[in-house]
Amino acid sequence: MAPDPRVQQIRDRALADIAAARSTADLEQIRIRVLGRSGELTARLRSLGAIPAAERPQVGQAANRAKAELEEQIQARLQALRVEERSRQREAGRVDLTLPGRVTPAGAVHPITRVQDEIIAIFEGLGFSVAEGPEVESDYYNFAALNFPDDHPARDMQDTFHLSPDTLLRTHTSPVQIRTMKAQPPPVRVICPGKVYRRDADITHSPMFHQVEGLAIDRNISMGDLRGTLDLFAREMFGSRSRIRFRPSFFPFTEPSAEVDVLCFLCGGGGCRVCKQDGWLEILGSGMVHPDVLRNVGYDPEEVMGWAFGMGVERVAMLKYGIDDIRLFFENDLRFLGQFAPLTLPPHPSLSPAGRGTRMRRR
Ligand code: PHE
């Protein structure tokens, strides 16, 4: 027998609502509605005075029991909902470890810098050190000290960028060799990398390009040493099957002089499009330093001798990578430069090596 149908009704409805509550906020609503200051059960307790005295203790006890029971149920449900809410939040903020990562594009070393560094590393391994000098030079260091006669065509305004009759943008890095020899007694073993300038522009010539020149001065140094050094250089740069050959040539600052060719890397000497059916590719100029040049820097040609060579970095890079237009190096097209990016991941085994090696060509 229910001592108070009203209390019974409040209790039953509240218990059902507590069980159905979906959040701690729902639960708080229920608590306020039933047990709050003007809640249903609170109101019932307050109105005990209006009940006949005989029934009062029974109804009061029932209401107090219901109140204690509801408080307990609310607490229990609250605990359960908090646990649920926390795990729901954790689920929402979870990192999906199976999502593919965002790729940050990696920068790359410019092919010219890369090849220049490679050339330098090869000669450093042979005991050469790096010497640098100014790009704005005097006629004296760029030409006169190197034994160019006054009327030599290279001095011509058509070939050289003059800043004044006596100052110019260096046309090669040979002036660095003069500066080095003037600054130190022999022996000398230096390489001179840097930018040089000539009035020339087509698919194989750029008005600014890079050179690495080398110089070795000592007692009893011979053209055989030059040959051995360049032979080693070619193998390191173009692969162990690489060969070089010397062809007689002329430079005012070397005597004798030779142009050096490397066996075509593509056809191996048989003749192809890259070497224009010749089997050989010209890579540098060289020769024994002219006695007049040694005298100009205060060395005694009876005591010491030596050799020098000079190569264009763009040319070496074009040969090494099969690039057919020098302008690609200076257009900064990321599709071109990106081909020299260091691989951040090993290439997938299904990628064909041929596809990876294909370089962009100018249309
Ligand atoms: N200075 C020459 C050039 O720029 C290259 C060279 C250097 C040739 C040293 C012979 C010896 O073309």
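Residues numbered from 1 in each chain as written. Predicted model: local features only at pLDDT ≥ 70, side-chain atom pairs only at ≥ 80, totals over all residues. Heavy atoms only, no water.

### Focus: the sheet that holds strand β8 (residues 280-289)
So, step 1. Here seven strands make up an open sheet; going across it, the order is β1-β4-β5-β9-β8-β7-β6 and the pairing mixed. Strand pairing shows two members of the sheet lacking a second neighbour, β1 (129-130) and β6 (244-251), which therefore form its edges.
So, step 2. Across the face of the sheet, helix α7 (residues 174-183) comes into contact with β4 (188-197), β5 (208-218) and β9 (305-312) while running at roughly 35° to β5.
So, step 3. Where helix α8 (residues 223-238) meets the sheet, its contacts fall on β6, β7 (254-263), β8 and β9, and the angle it forms with β6 comes to roughly 125°. (Pairing = 2+ DSSP bridges. Helix = DSSP H or I, 4+ residues; strand = E, 2+ residues; numbered from the N terminus. Contact = heavy atoms within 4.5 Å. Axes fitted to C-alpha atoms, helices over the stretch in contact; angles between N-to-C directions.)

### Section: the domain arrangement of the protein
So, step 1. One can read the domain layout of the protein as domain 1 (5-93) and domain 2 (111-355).
So, step 2. Placing the centre of domain 1 and that of domain 2 at their C-alpha centroids yields a distance of 92 Å. (Domains from an automatic or database assignment.)

### As for the site of the ligand
So, step 1. His172, Ser174, Arg198, Gln211 and Glu213 are the nearest of the 13 residues found near the ligand.
So, step 2. One of the side-chain N or O atoms of His172 is found 3.0 Å from a nitrogen atom in the ligand.
So, step 3. About the coverage of the ligand: the protein hides 90% of its 320 Å² of free accessible area.
So, step 4. Listed by contribution, the elements that provide at least two residues to the shell around the ligand are β5, β8 and β9.
So, step 5. When residues of the shell around the ligand are assigned to their parent elements, the largest contribution, three residues, is made by β9.
So, step 6. Taken together, the residues that form the shell around the ligand break down as four nonpolar, seven polar and two charged. (Near = heavy atom within 4 Å. Polar contact = N/O pair within 3.5 Å; in protein donor to acceptor, adjacent residues only side chain to side chain. Areas by Shrake-Rupley, 256 points an atom, 1.4 Å probe, with all protein chains shown as cover. Nonpolar A, V, L, I, M, F, W, Y, C, P; charged D, E, K, R; others polar.)

### As for the pattern of salt bridges
So, step 1. In this structure the tally under the stated criterion is 22 salt bridges.
So, step 2. Of the charged contacts in the structure, one is a salt bridge between Arg11 and Asp12, with a shortest N-O distance of 2.8 Å.
So, step 3. Exposure remark for Arg11: the relative accessible area of 22% places this residue in the partly exposed category.
So, step 4. Take Asp12: its relative accessible area is 37%, and that puts it in the partly exposed class.
So, step 5. Across the pair Asp333 and Arg335 runs a salt bridge, and its minimum N-O distance is 2.8 Å.
So, step 6. Given the relative accessible area of 61%, Arg335 is considered exposed.
So, step 7. Salt bridges linked by common partners bring Arg245, Arg247, Glu259, Asp261, Asp278 and Glu282 together as one network. (Salt bridge = Lys/Arg side-chain N within 4 Å of Asp/Glu carboxyl O. Buried < 20%, exposed > 50% of the residue type's maximum accessible area, 1.4 Å probe, protein only.)

### A look at the side chain of Thr42
So, step 1. Relative to the helices and strands, Thr42 is located in helix α3 (residues 40-46).
So, step 2. What makes Thr42 buried here is its relative accessible area of 18%.
So, step 3. When near neighbours in sequence (up to four residues on either side) are disregarded, Thr42 contacts Val34, Leu35, Gly36 and Arg37.

### Concerning helix α5 (residues 111-124)
So, step 1. Between its first and last C-alpha atoms α5 spans 20 Å; for 14 residues at 1.5 Å apiece the expected length is 20 Å, and the two agree.
So, step 2. Where α5 is concerned, the buried positions are Pro111, Ile112, Val115, Gln116, Ile119, Ile120, Ile122 and Phe123. (Expected span 1.5 Å × (residues − 1).)

### A closer look at the pairing of β4
So, step 1. With eight of ten residues buried, β4 lies mostly within the body of the structure.
So, step 2. One ladder, built from two bridges, connects β1 with β4; its direction is parallel. Among the inter-strand pairings, Ser129 is bridged to a residue of β4, identified as Val190.
So, step 3. In this sheet, β5 lies alongside β4 in antiparallel orientation, the contact comprising ten bridges. Opposite Gly194, over in β5, you have Gln211 as the bridge partner.

### So, the state of the cysteines
Here a disulfide denotes one covalent bond, and it connects the sulfur atoms of two cysteines.
So, step 1. Scanning all chains against the criterion turns up zero disulfides.
So, step 2. The thiol of Cys264 is unpaired, and the distance to the nearest cysteine sulfur, on Cys267, comes to 3.6 Å.
So, step 3. According to the relative accessible area criterion, Cys264 is buried, its value standing at 2%. (Disulfide = S-S within 2.5 Å.)

### As for the packing of α5 against α8
So, step 1. Viewed as axis vectors pointing N to C, α5 and α8 meet at an angle of 135°, and their least axial separation amounts to 10 Å. Between α5 and α8, the crossing angle belongs to the class labelled oblique. Of the two possible hands of crossing, α5 and α8 adopt the one that is right-handed. Contact residues: α5 offers Val115, Glu118, Ile119, Ile122 and Phe123, while α8 offers Thr229, Leu232, Phe233, Glu236 and Met237.
So, step 2. When its residues are assigned to classes, the contact of α5 with α8 shows seven nonpolar, one polar and two charged. (Parallel < 35°, antiparallel > 145°, perpendicular 65-115°, else oblique. Left-handed = near helix turned anticlockwise from the far one by under 90°.)

### Points about the packing of aromatic side chains
So, step 1. The final tally for this structure, using the stated rule, is 13 aromatic pairs.
So, step 2. For the ring pair Phe329 and Phe330, a centre distance of 6.4 Å and an interplane angle of 65° mean the geometry is edge-to-face.
So, step 3. Classification of Phe330 as partly exposed rests on a relative accessible area of 32%.
So, step 4. Both rings, one in Phe336 and one in Phe340, keep their centres 5.3 Å apart while their planes meet at 70°; by these two values the pair is edge-to-face. With respect to burial, Phe336 and Phe340 carry one shared label: buried.
So, step 5. The structure contains a cluster of three or more aromatic residues connected by ring pairs, namely Phe123, Phe128, Phe233, Trp307 and Phe309.
So, step 6. When the ring centre of Tyr141 is taken as reference, the NZ or CZ atom of Arg179 above it lies at 4.1 Å. (Phe/Tyr/Trp six-rings, centres within 6.5 Å; stacked < 30°, edge-to-face > 60°. Lys NZ or Arg CZ within 6 Å of the ring centre and 35° of its normal.)

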